Amino acid sequence: MAPLLKYKSIFISDVHLGTKGCQAGKLLEFFKNSRSENLYLVGDIIDVWAMQKSFYWPQEHNDVIQKILRKARHGTKVFYIIGNHDEVFRKFIPMHLGDIKIVNRVIHETQLGKKYLVVHGDAWDGVMKHAKWLSKLGAIAYELLLKINIIINFFRKLRGKDYWSLAKFLKYKVKNAVKYIGEYENTLSKYAKRKKFDGIICGHIHHAENLNLDGVNYLNCGDWVESCTALTEKYDGTFEIIYWDKKRKEYISENIDKDKFTSFKKAS
């Protein structure tokens, strides 16, 4: 059996279970091949907004929930931080779902004793605060892009090509989107500094990042729709962003090579 990827903590956000753009299969694959003492689900794990319009819940999405519950039962400390797409749960917090603690925010202390605020991040989004209707309109447009993605990637897969995100491509091509990301990163970092945290861990904008901004470590988990990324804390207290599409190739290739070497040694 292939060795597991082991971390002190794993942070995942913006899975958007309940939507067709969700890449639940890849997340299950990551969960299967990794272990951690702590698992932080940093908002928008279940997309209630989308399901209120059109209910979509395939078996793979159910398997993700079951896998998380199983991890919690087996000793992983699991925190579910509420986001904007699952904000309906905010009226019930703090609460527990089995062994999972559901909260609005939580403080994470690293192996090195540094304190990080863990939040989804929508509270610092100007569009969410002042024009929520515009945010919901944007979500509809984003869902349309993801549907186009499915068609594009169906044909890419037939040609043996990797997954490609139209939504992500357009995000980096539009100047206003790039400006919005920069403003978001600076706003959260300034808040963390004002509250005397060493860093802040968030999601929301589907853009994984590890930055030092004015003495504050800004960390964004990314998403499991466009990028399939996770933020991990190693046992030495450092952080790494995992791009699963890339990592799985290295990981699987490495273990295939090991298997071949073991088979060769046995044969000889």
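As a starting point, this report considers the structure included with it.

Basis of the calculations
- In this numbering scheme, every chain counts its residues from 1 along its sequence in written order.
- Given that the model is predicted, a residue must reach a pLDDT of at least 70 before its local features are reported, and side-chain atom pairs must reach 80 or more before they are shown or counted; all residues, however, enter totals for whole chains, interfaces and linings.
- Hydrogen atoms and water are omitted, and side-chain values are computed over all heavy atoms in the structure.
- Only runs of H or I of at least four residues qualify as helices and only runs of E of at least two qualify as strands under DSSP, and these elements are numbered from the N terminus.
- Take the buried residues of types Ala, Val, Leu, Ile, Met, Phe, Trp, Tyr and Cys, join any two whose side-chain atoms come within 4.5 Å, and each joined set is a nonpolar core.
- Each residue is assigned to one of three classes by its accessible area relative to the maximum for its type, calculated with a 1.4 Å probe on protein chains only: buried under 20%, partly exposed between the two thresholds, exposed over 50%.
- Throughout, a contact is declared for two residues whenever any of their heavy atoms are within 4.5 Å.
- Take a side-chain nitrogen of Lys or Arg and a carboxyl oxygen of Asp or Glu: if they are within 4 Å of each other, that pair is a salt bridge.
- This arc corresponds to the set of directions leading from the helix axis out to the C-beta atoms.
- Only centres within 6.5 Å qualify two rings of Phe, Tyr or Trp (six-membered ring in Trp) as a pair; their planes then separate them into stacked at under 30 degrees, edge-to-face at over 60, and tilted for everything else.
- Strand pairing is assigned whenever DSSP detects at least two bridges linking the two strands.
- Note on definitions: angles span 0 to 180 degrees between N-to-C directions of axes, and those axes are lines fitted to C-alpha atoms, for helices only across the stretch in contact.
- Helix span is expected to be 1.5 Å times the residue number reduced by one.

### What to know about unusual backbone geometry
Residue Pro-94 is bonded to the preceding Ile-93 through a cis peptide linkage, with omega at -5°. By the secondary structure assignment, Pro-94 is in the loop between β3 (77-81) and β4 (95-97). You will see that His-16, though not glycine, has its phi angle at about 55°, which is positive. Even without being glycine, Lys-196 reaches a positive phi, approximately 65°. Along the chain, Lys-196 falls in the loop between α7 (175-194) and β8 (199-202).

### Focus on the nonpolar core
Counting residues in each nonpolar core, the largest one holds 32 residues, and the members touching the most others are Ile-12, Phe-30 and Trp-224. Contributions of two or more residues to this core are made by β1 (5-12), α1 (24-32), β2 (34-42), α2 (48-53), α3 (59-73), β3, β5 (100-103) and α8 (244-267). The element that contributes the greatest number of residues to this core is α1, accounting for 5 residues. If sequence neighbours within four positions are ignored, Ile-12 has contacts with Leu-27, Phe-30, Phe-31, Tyr-40, Leu-41, Val-42, Ile-45, Cys-221, Trp-224 and Ala-230. Of all hydrophobic cores here, the second largest spans 16 residues; its members include Ile-81, Val-106, Leu-219 and Cys-221.

### Describing the pattern of salt bridges
In total, this model carries 6 salt bridges according to the counting rule given. Two residues, Glu-29 and Arg-248, come together in a salt bridge whose shortest N-O distance is 2.7 Å. Of this pair, Glu-29 sits in helix α1 while Arg-248 is found in helix α8, placing the two residues 219 residues apart along the sequence. On the accessibility criterion, Glu-29 (24% relative accessible area) is partly exposed. With a shortest N-O distance of 3.0 Å, Asp-214 and Lys-193 are connected by a salt bridge. Of this pair, Asp-214 sits in the loop between β9 (209-213) and β10 (216-220) while Lys-193 sits in helix α7, and the two are 21 residues apart along the sequence. Under the relative-accessibility criterion, Lys-193 is labelled partly exposed at 42%.

### Section: α1
Residues of α1 that are buried include every one of Ala-24, Leu-27, Leu-28, Phe-30 and Phe-31, and no others. The buried side chains of α1 occupy one side of the element, clustering within an arc of 160° when seen end-on.

### Observations concerning the packing of aromatic side chains
Overall, the coordinates contain 9 aromatic pairs when judged by the stated rule. Members of the aromatic cluster, connected to one another through ring pairs, are Phe-11, Tyr-40, Phe-79, Tyr-116 and Phe-239.

### Quick notes on the sheet that holds β1
The mixed open sheet is built from 7 strands, whose spatial order is β4-β5-β3-β2-β1-β11-β12. With one partner strand each, in any of the chains shown, β4 and β12 (239-243) form the two edges of the open sheet. Neighbour-to-neighbour, the strand axes of this sheet turn through a mean angle of 30°, independent of strand direction. When β4 meets β5, the two strands line up antiparallel, connected through 3 bridges. Directly across from Met-95, in β5, lies its bridge partner Ile-102. Seen against the sheet, α1 touches β1, β2, β11 (229-233) and β12 and runs at an angle of roughly 140° to β2.

### Quick look at α3
End to end, α3 covers 21 Å across 15 residues, agreeing with the expected 21 Å (1.5 Å per residue, within 8%). For α3, every residue scored as buried is listed here: His-61, Val-64, Lys-67, Ile-68, Lys-71 and Ala-72. Each buried residue of α3 sits inside an arc of 135° when the element is viewed along its axis, so together they form one side. Along its buried surface, α3 packs onto α1, β2, β3 and β5. Once α3 ends, the next one or two residues include Gly-75, with phi positive near 110°.

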